[in-house]
2 protein chains.
Amino acid sequence: MAFADCSTSAPTRTFLFSRLRPRRGLPSIPPHLLRGLPVAGFRLPSLRITNSPSSFPKGNAFLRNKQGFRHFRPFTVLASVSASEAAISTEASAMVIDGKSIAKEIRHEITTEISRMKDEIGVIPGLAVILVGDRKDSTTYVRNKKKACESVGIKSYEVCLPEDSTEEEVLKFISGFNDDPEVHGILVQLPLPSHMNEQNILNAVSIEKDVDGFHPLNIGRLAMRGREPLFVPCTPKGCIELLHRCNIDIKGKQAVVIGRSNIVGMPAALLLLREDATVSIVHSRTKNPEEVTSQADIIIAAVGQPNMVRGSWIKPGAVIIDVGINPVEDATSPRGYRLVGDVCYEEACKIASAVTPVPGGVGPMTIAMLLSNTLSSAKRMHNFQ
Amino acid sequence: MAFADCSTSAPTRTFLFSRLRPRRGLPSIPPHLLRGLPVAGFRLPSLRITNSPSSFPKGNAFLRNKQGFRHFRPFTVLASVSASEAAISTEASAMVIDGKSIAKEIRHEITTEISRMKDEIGVIPGLAVILVGDRKDSTTYVRNKKKACESVGIKSYEVCLPEDSTEEEVLKFISGFNDDPEVHGILVQLPLPSHMNEQNILNAVSIEKDVDGFHPLNIGRLAMRGREPLFVPCTPKGCIELLHRCNIDIKGKQAVVIGRSNIVGMPAALLLLREDATVSIVHSRTKNPEEVTSQADIIIAAVGQPNMVRGSWIKPGAVIIDVGINPVEDATSPRGYRLVGDVCYEEACKIASAVTPVPGGVGPMTIAMLLSNTLSSAKRMHNFQ
C-alpha cells in the first residue's frame, strides 16, 4: 500500500467523453454544450468540434485521419456535465479510453466465434489454469478468469495445489494438460511459491498452448521481423488493441514504454516496434525519464508506481495507456484504499488527448486477450478459420 | 553502389588519437603538441589533457571516470601530425575507436584460451560453415572466417554446395553437424538462394551450436530479463564489446539504434537495454530520425545507407558505433570505389567524442565475436572453465 496522491487541493471539474458505445447512429453533442466553446479549447489535436462541416451533421465530433475527416464511433458528453460546467472545464479534455466497454465488445465477438466453431466442427476451446498456494490476489484473478471463460463459452479446467507442493507435481499437471487435446491453453498463475523455479515451470508449457505468450520462443518471434509469435502476452496485446479500436495511429509515432518487465514493458515495446512506432524504453536506470517521456505521442506506463507520470511528463495531445493498478490509502473509501495507475489521471486528463482510466482501462483487456488467445489456439489446432 | 559523399569541399585536417596499443607504460603526448592547446579545445568531455595533475606524470592524457581520474590505455598522437597542424585542427577531436586493434587483442585472448583448453582437456573447438552458391561477397566472407579460425586454432569445417541444391541437402548437412561432437558451432552463410526457406534452415541448427545467435529462442532469451541467451549475434555483440573495451559507460545513457534488422539493430537494442541504457529505436518509418538521434549519448547506426547520419544528427560528445559498410564510387581509388559507413565520418569526427572508422571499426569485431562464440560453445559443451 502506497501513500501517493497527485490531486490538486482544489479538484478541477472534468469534462469527460465516454466513447465506444456499441449502438449505431451518430448522437450529437448537445448544441448548448458546444456554444461558446472555441475549437482551441480542446487539447485533442485530432478532434475537431464543428458546427457546420460541409458533409457531416451539425454538432458532431469527428476524428480526422490522414485521409481527411472520417466517421468515428461518436463521443457523448456525460449527462452529469451541464453547459456552464462544460464551459468552465475545457482544460480537462482528454478522451477517456473505456477499456471496460471495449473488452465487453471483444468478449462478445469471441462468444460469437466460439458458438460458430461449436456449431461447425463441434469443438469447444479449453483453458487450463494452475494455481499454487492461496494468495488472495491470485485466487481472485483465477476466479475472474474462470468466470470470464464461462461467459464466452470456453471450458475451464482448474487445478489448485497447496503452497508446499513440489515442482514435480506442478510439472506433472502441465504435462497432462500438454497432452490433453481438449485443452488449448495452459496458464500458470504467477507468482509461484519461492521454492519453485518459475523458468523451469513456464518452459514446460507446450509452446502451442502458451496462451500467456511468455515462452522465450514466442518472445523471440515477437522481436524478429518476418517471424510470427504463436501468442502475444495478454496485457501488452490489450494495450495495442485499445489503440487499434480507438483508431489511434501508431505508425511513425514516437512511443515511450515506461518499464521493461518480461510481462508488459518489453513485449509492449516489441509490439509497438512491429507497428512501426519509433520506440523508446524508459526504466529505473533512466536518468531523465520525464524528458524522454515528454516527447512521446503514445505513452505506455507499466512500472507499478502510483501516479509516477505527472502532467509535466506528458506532451500535449499524447495518448496514454496506463497499465499500473496500485492501491493507495484512501480514508474516504469503504475499503480504506482506492486503485490508481502509474499516471496521475487528473493531470493527464488536462494535457493528453486520450487516457485509460484505472480501474476500467487496461485491466479488463488482459482477460479479454487471454480469451482471444485461447480461441486462436483452438482455431489453429483444429485448422478452423 | 551508391553515390554519396559528405566531405566538405575543403577537407579539414584531423587530429586523431590512435588508442589501445597493447604495449605497457604510459607514452606521453609530446609537450610541444600540448602547448597552446586549451583543455576546452577537445570535445571529448571525459578526456582531460593536463600538464600538472598531482599524482600523474606530466603531459599525459587520462580518462576520468566516476571514481575520479584513472589510468587508461594511453592515447598517442599520430606521428604524422605536427605541432602546428594539431593547433589548427582541434575542431576534429573524436577518439577513433580502433576496431582492428581491439579485434586483434580479442583474437589473441582466444588463441591463449584455445591453447589452454587443448592442453588441459585435449579439445579443439570446431566451426562448420555452410555456403550455398558462389556469390562473390559470401565466398570472401567464408574464406575470411576460415582464415580467422585457423589463426586462433579453431578447426573449421566447410561445405560448399551449388546454387541449385535443395533445401533437403542443406538440412542433411546441418543435421550431420548437429550430431558431430567435434563441431561446436554451425554457421549458414546468408543470404541463401531464393528457392530456400531461410527460416526452416536456420531453425534446423541446434540451439547449442547456434553461434550466429539468430535462433528465435536465443533472441527471446536476449530480450527477457533473468534469462541468458546461449549466444549473442556477433555484430551487435561486437558493438557492445567495443564500448566495454573503450571503458565507455552505457548504464543510464541515452542510446539510439538506427535500424531494426534481426541481425544487428534489434539485438543491439536488446543488448543496450540489458546494459541499462535508455534505448530508442529509429527506423525507416521514423518521422524525425535526426531529432531522435541528436539526443543520444551513444549511437549505433546499422542501416546500410552511406553517410546517412550527418553532423547535425550528433549530440556533441556522443559515441558513435558505425556498423554500415557501403561501397561508394570513387574515381581516385584503384578499385573505382571506397567503403563508407552509415555515418558521415568527417562530420562525426568534429562533434562526437569517439567514433568507429569504416573500414576498421565494427567489421573486424564481427569475426572476432564469431570465434569467441565458438570457443564459448566448446567450453560449455565440455564444461571447461
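Presented here is an overview of the structure given in this document. (Residues numbered from 1 in each chain as written. Chains lettered and ligands numbered in written order. Predicted model: local features only at pLDDT ≥ 70, side-chain atom pairs only at ≥ 80, totals over all residues. Heavy atoms only, no water.)

1. Here we look at the sheet that holds strand β9 (residues 185-188) of chain B
Residue and element names in this part refer to chain B.
- If you walk across this open sheet you meet the three strands as β8-β7-β9, and the pairing is parallel. At either end of the open sheet lies a strand with only one pairing partner, and these are β8 (155-161) and β9. This sheet shows a mean twist of 15 degrees between the axes of neighbouring strands, independent of strand direction.
- Of the strands in this sheet, β7 (126-132), β8 and β9 touch helix α4 (residues 136-152), which is tilted by about 170 degrees from β7. (Pairing = 2+ DSSP bridges. Helix = DSSP H or I, 4+ residues; strand = E, 2+ residues; numbered from the N terminus. Axes fitted to C-alpha atoms, helices over the stretch in contact; angles between N-to-C directions. Contact = heavy atoms within 4.5 Å.)

2. Some words on the packing of aromatic side chains
- Evaluated as defined, the whole model comprises zero aromatic pairs over all chains.
- When the ring centre of Tyr337(A) is taken as reference, the NZ or CZ atom of Arg335(A) above it lies at 4.8 Å.
- Stacked on the ring of Phe231(B), the Lys or Arg Arg380(B) has its end atom at 4.8 Å from the ring centre. (Phe/Tyr/Trp six-rings, centres within 6.5 Å; stacked < 30°, edge-to-face > 60°. Lys NZ or Arg CZ within 6 Å of the ring centre and 35° of its normal.)

3. As for the relation of the copies chain B and chain A
- For the pair chain B and chain A, the best superposition has an RMSD of 0.0 Å and corresponds to a rotation of 180 degrees with a translation of 0.0 Å parallel to the axis. Given the turn and translation reported, the copies of this chain are related as if by a two-fold rotation axis.
- Of the residues that chain B buries at the interface, 100% are likewise interface residues in chain A, meaning the two copies contact each other through the same surface. (Least-squares fit on C-alpha atoms with pLDDT ≥ 70 in both.)

4. Brief notes about the packing of helix α8 (residues 234-245) of chain B against helix α12 (residues 363-381) of chain B
Residue and element names in this part refer to chain B.
- At a minimum axis separation of 8 Å, α8 and α12 run at an interaxial angle of 105 degrees. As the angle between them shows, α8 and α12 are arranged roughly perpendicular. In this structure, α8 contributes Cys 234, Thr 235, Lys 237, Gly 238, Glu 241 and Leu 242 to the contact, and α12 contributes Met 365, Thr 366, Met 369, Leu 370, Ser 372 and Asn 373.
- Residue classes in the contact of α8 with α12 are distributed as five nonpolar, five polar and two charged. (Parallel < 35°, antiparallel > 145°, perpendicular 65-115°, else oblique. Nonpolar A, V, L, I, M, F, W, Y, C, P; charged D, E, K, R; others polar.)

5. Some words on the interface of chain B and chain A
- With 36 residues of chain B at the interface, the matching set in chain A holds 36 residues.
- Taken together, both faces of the contact between chain B and chain A bury some 3400 Å²; the carbon and sulfur share is 52%.
- At the boundary of chain B and chain A, one finds four salt bridges.
- One salt bridge connects Arg260(A) with Asp276(B), and the closest N-O pair in it is separated by 2.8 Å.
- Applying the counting criterion to the chain B and chain A interface returns 18 residue pairs in polar contact (both at pLDDT 80 or more).
- Broken down by secondary-structure element, the contributors of at least two residues to the side of chain B that touches chain A are α6 (198-204), α7 (216-223), α9 (265-274) and β11 (278-282) of chain B.
- At six residues, the largest contribution of residues to the side of chain B that touches chain A is made by α7(B).
- A breakdown of the residues in the side of chain B that touches chain A according to their chemical character gives 13 nonpolar, 14 polar and nine charged. (Buried area = accessible area lost by both parts, 1.4 Å probe. Salt bridge = Lys/Arg side-chain N within 4 Å of Asp/Glu carboxyl O. Polar contact = N/O pair within 3.5 Å; in protein donor to acceptor, adjacent residues only side chain to side chain.)

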